[in-house]
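Here are the chains, one letter per residue:
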Amino acid sequence: MATSLTLIATPCTAPRSSSSFALAPRLPPRCSNATAARRRAVRATTLQSDQEPAGSGDSGATTTKLSASTSVRQERWEGDLPIEGCLPPWLNGTYIRNGPGMWDVGEHAFHHLFDGYATLVRVSFRGGGGARATGAHRQIESEAYRAAVARGRPVLREFSHCPAPAKSLLHRFGDLVGLVTGAALTDNPNSAVLPLGDGRVMCLTETTKSSVLIDPDTLETVGRFRYTDRLGGMVQSAHPIVTDTEFLTLLPDLVRPGHLVVRMEAGSNERKVIGRVDCRGGPSPGWLHSFAVTEKYVVVPEMPLRYSSASLLTSELAPFYAFDWVPASGSYMHVMCKSTGKTVASVEVPPFMAIHFINAYEEEGDEAAVVVDCCEHYGDPAIIETLVLSRLRSLRGKDVLPNARVGRFRIPLDGSPFGELETALDPEEHGRGMDMCSINPARLGRKYRYAYACGARRPCNFPNTLTKIDLVEKKAKSWHEEGSVPSEPFFVARPGATDEDDGVVISIVSSDDGEGYALVLDATTFEEIARVRFPYGLPYGFHGCWIPATEE
Ligand SMILES: CC1=C(/C=C/C(C)=C\C=C\C(C)=C\C=C\C=C(C)\C=C\C=O)C(C)(C)CCC1
Ligand SMILES: [Fe+2]
């Protein structure tokens, strides 16, 4: 494991994605066998194997293996990728994944998975006759990242890292201003990557200042996304709900515990308030990484893992980094009508701990309700500590991943004070672990059958399978390869499909032996149909997106 990082600002000479299909040398023919595909040299010309161990195999650069929790060794790389198996003829477009790929800077090694500086990984596919794939990775140039590289240590507050207080009184005053204004918080956008309805592509995490635009072809950081409204706010959901027409998100209010529900039209930079939900427990809002919507409603969760205002304002870590676990404060679900901004239900629910919400829908009739599904950790915040890097690295193969289930809330819309939380299917189906979920986006906010997630093949200390969960039959199918860590399975629908699971699932896999590849599964059968190998291992990443190719 490297504890320091040499940054190599590598000029990319390899062709770029959209035009690269035309320029790139021919890759192995469709449905080539794995050996033949691997024998073809990957053009890894931008990897500087003399300076940094970059990978393995045909690139010629062999040494230290990169795996899920090893920092990426170069700022960027771009090149052609060999395809093993068959890409579906309709799979034309670009998959981009965001995540915390760099946990070491200068002499500083971060402590937690969530701390890493954002690394984008891109795979552009062209299926059909003469199938091709190109790949790339690149660091997002946030202020946090650039300052850390320049100083050889982190300068802003990351998830588990608070910079030491300044020595001089004058600088301490500066620190205080930074804390109160939020300027001391990171802008490292390592969580989601989202194509907006107007064609721009945004990356972000939970600080409002972290929203940036990137170029999906070059992965270059275009610049900060500047909200032109005056809503301010230090934090936001890392998972806005984005459609062709709008961007919906929540802005937690840390002073008067609650959340603003806001909407931004495609093409605009101005968020407008739909309404406000008051939190019912205290002393601050429940941590809100993601939330759910139905066709009519926005569902605002409130769990007992709450923002620690004291931690955020004093730059000292709380028991759970930026959060306090306050079980006595209760758990609630609030439902706001999108068109009126009125809260139509606010119910107490059994204790829960959820980072990622899967989907929600309305049930009509005498017992009208909103059903909300999430990756639920049995009301226990232990998962946060499981994701400490030293544990991820040292406890491989040990059965220390806390149990998780598909938690299904039923929120009655008749004014009843309580909602229900049940387990949607036997958790043994997915190995008692599950998180990092996706659905067919056409089912967003509607009744749906399939969820894709990372599950567990025990013993394990981290989710290590891809799983397709059938919420009707209450069964799951899984993909697993010994020693491999797959990231969020991302569903891409076949153009023109009507069946919910007609498409593919894409995930990027980091294996213990230093391999990195994009895996393409048939979403119906959940069988592997192709893999596209990078010439080096890839760090773990969080969330992906799909950008269909435009007609040529
Ligand atoms: C959370 C706050 C901050 C920073 C957050 C950042 C930088 C990233 C959060 C990423 C998350 C929550 C990823 C979740 C992944 C879950 C996994 C892999 C689960 C696996 C389970 O089996 C600030 C900005 C520091 C301050 C406010 C709060
Ligand atoms: Fe997330």
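Counting of residues starts from 1 at the beginning of each chain's written sequence and follows it residue by residue. For naming, the first written chain is A and the first written ligand is 1, with later ones following in the order written. The predicted nature of this model means local features are confined to residues of pLDDT at least 70 and side-chain atom pairs, given and counted, to a pLDDT of 80 or more, with totals for whole chains, interfaces and linings taken over all residues. Water and hydrogen atoms play no part in the side-chain values, which are based on all heavy atoms of the structure.

- UniProt positions are given in the numbering used here, feature names are shortened, and annotations may be inferred rather than shown by experiment. The record held by UniProt for the protein chain lists under Subcellular location (unreviewed entry) the comment "Plastid, Chloroplast".
- According to the UniProt record, the Sequence similarities (unreviewed entry) comment for the protein chain reads "Belongs to the carotenoid oxygenase family."

Points about the overall build of the protein chain
Alright, step 1. Each helix and strand counted, the protein chain has seven helices and 36 strands in total.
Alright, step 2. Each of the 552 residues in the protein chain was classed as buried or not, and the buried ones make up 60%.
Alright, step 3. Long-range contacts, defined as pairs at least 24 residues apart, comprise 64% of the intrachain contacts of the protein chain with a sequence gap of at least 6.
Alright, step 4. All accessible-area figures derive from a Shrake-Rupley calculation using a 1.4 Å probe, and residue coverage is judged against the displayed protein chains alone. On the protein chain, roughly 21,100 Å² of surface is accessible, and the fraction owed to carbon and sulfur atoms is 52%. Going along the chain from the N terminus, every DSSP run of H or I of four or more residues is numbered as a helix, and every run of E of two or more is numbered as a strand. Whether a residue is buried, partly exposed or exposed follows from its accessible area with a 1.4 Å probe, protein chains only, as a fraction of its type maximum: under 20%, in between, or over 50%, in that order. It only takes one pair of heavy atoms within 4.5 Å for two residues to be counted as in contact.

Points about the nonpolar core
Alright, step 1. As used here, the term nonpolar core means buried Ala, Val, Leu, Ile, Met, Phe, Trp, Tyr and Cys residues forming a set that is joined through side-chain atoms within 4.5 Å. Leu 113, Trp 287, Met 333, Val 372, Ile 384, Phe 409 and Ile 411 are the most contacted members of the largest nonpolar core, which has 87 residues in total.
Alright, step 2. For Val 372, the contacting residues outside a window of four places in its chain are Ala 292, Val 299, Met 333, Phe 357, Asn 359, Ala 360, Gly 407, Arg 408, Phe 409 and Ile 411.
Alright, step 3. Formed by 25 residues, the second largest nonpolar core is a distinct cluster that contains Ala 133, Phe 490, Ile 506 and Ala 518.

Some words on the pattern of salt bridges
Alright, step 1. Any Lys or Arg side-chain nitrogen found within 4 Å of a carboxyl oxygen on Asp or Glu counts as a salt bridge. Tallied over the entire structure, the rule returns 25 salt bridges.
Alright, step 2. A salt bridge links Glu 246 to Arg 263, with the nearest nitrogen and oxygen atoms 2.7 Å apart. Here Glu 246 is found in strand β14 (residues 246-253), whereas its partner Arg 263 is found in strand β15 (residues 258-265), with 17 residues between them in sequence.
Alright, step 3. Between Arg 276 and Asp 253 there is a salt bridge, with its nearest N and O atoms 2.9 Å apart. Residue Arg 276 is found in strand β16 (residues 271-278), and its partner Asp 253 is found in strand β14; the two are separated by 23 residues along the sequence.
Alright, step 4. By sharing partners, the salt bridges in this structure join Glu 84, Glu 515 and Arg 533 into a single network.

What about the UniProt feature "binding site: Fe cation" (unreviewed entry) in the protein chain?
Alright, step 1. As annotated by UniProt and renumbered to match this structure, "binding site: Fe cation" (unreviewed entry) occupies His 239, His 289, His 356 and His 543. For the annotated residues, spread through 305 residues, the largest C-alpha to C-alpha distance comes to 12.8 Å, consistent with a single compact locus.
Alright, step 2. Mapped onto the elements, His 289 comes out in the loop between β16 and β17 (292-293).
Alright, step 3. Beyond its immediate chain neighbours, meaning those up to four positions away, His 289 contacts Ser 191, Glu 206, Ser 237, Ala 238, His 239, Ile 355, His 356 and His 543.
Alright, step 4. By the secondary structure assignment, His 543 is in strand β36 (residues 543-548).
Alright, step 5. A relative accessible area of 5% places His 543 in the buried class.

Some details on helix α3 (residues 143-151)
Alright, step 1. Every buried residue of α3 is accounted for by Ala 144, Tyr 145 and Ala 148. For α3, the angular spread of buried residues about the axis comes to 95 degrees, placing them on one side.
Alright, step 2. The secondary structure elements touched by the buried residues of α3 are β4 (100-102), β5 (104-105), β7 (117-126) and β8 (132-139). Arc definition: directions from the helix axis to the C-beta atoms.

Overview of the site of ligand 1
Alright, step 1. Around ligand 1 lies a shell of 22 residues, among which Phe 114, Thr 205, Glu 206, Thr 207 and Pro 463 are the nearest.
Alright, step 2. For ligand 1, whose free accessible area comes to 700 Å², the fraction covered by protein is 100%.
Alright, step 3. Gly falls in the polar group here, along with every residue not listed as nonpolar (Ala, Val, Leu, Ile, Met, Phe, Trp, Tyr, Cys, Pro) or charged (Asp, Glu, Lys, Arg). Looking at side-chain class alone, the shell around ligand 1 contains 13 nonpolar, six polar and three charged residues. Nearness here has a simple test: a residue counts as near a molecule or strand if at least one of its heavy atoms is within 4 Å of that partner.

Overview of the packing of aromatic side chains
Alright, step 1. For Phe, Tyr and Trp, rings pair up if their centres lie within 6.5 Å, where Trp contributes its six-membered ring, and each pair is then called stacked (planes under 30 degrees apart), edge-to-face (over 60) or tilted (otherwise). Under the counting rule described, the total for this entry stands at 20 aromatic pairs.
Alright, step 2. When the centroid spacing of 6.1 Å and the interplanar angle of 55 degrees are considered together, the rings of Trp 77 and Phe 534 count as tilted. Placement of the pair is Trp 77 in strand β1 (residues 76-80) and Phe 534 in strand β35 (residues 528-534), with a sequence separation of 457 residues. The two residues Trp 77 and Phe 534 agree in class, both being buried.
Alright, step 3. When the centroid spacing of 6.3 Å and the interplanar angle of 70 degrees are considered together, the rings of Tyr 361 and Tyr 448 count as edge-to-face. Separated by 87 residues along the polypeptide, Tyr 361 in strand β23 (residues 354-363) and Tyr 448 in the loop between β27 (434-438) and β28 (450-455) bring together distant segments of the chain.

Things to note about the environment of Ser 142
Alright, step 1. Structurally, Ser 142 can be placed in the loop between β8 and α3.
Alright, step 2. The exposure class assigned to Ser 142 is buried, which follows from its relative accessible area of 1%.
Alright, step 3. Considered as a pair, Ser 142 and Ser 211 are 69 residues apart in the sequence and their alpha carbons are 9.5 Å apart.
Alright, step 4. With near-sequence residues (within four places) excluded, Ser 142 lies in contact with Asp 187, Asn 188 and Pro 189.
Alright, step 5. Polar contact is the term for a pair of N or O atoms within 3.5 Å; when the atoms are in protein, one must be able to donate a hydrogen and the other to accept it, and sequence-neighboring residues count only if both atoms are side-chain atoms. A distance of 3.1 Å separates the side chain of Ser 142 from the backbone nitrogen of Tyr 145, its partner in a polar contact.

Focus on the side chain of Lys 338
Alright, step 1. Its place among the elements puts Lys 338 in the loop between β21 (331-337) and β22 (343-349).
Alright, step 2. Charged-residue counts in this description rest on Lys and Arg as positive and Asp and Glu as negative, His and the chain ends being excluded. Buried Lys 338, no salt bridge; nearest opposite-charge side chain is Glu 246, N-O distance 4.7 Å.
Alright, step 3. Polar side-chain contacts of Lys 338 include one of 3.0 Å to the backbone oxygen of Thr 294.
Alright, step 4. A distance of 3.2 Å separates a polar atom in the side chain of Lys 338 from the backbone oxygen of Glu 295.
Alright, step 5. Other than its neighbours up to four places away in sequence, Lys 338 contacts Leu 248, Arg 263, Ile 274, Val 293, Thr 294, Glu 295, Lys 296, Tyr 297 and Val 298.

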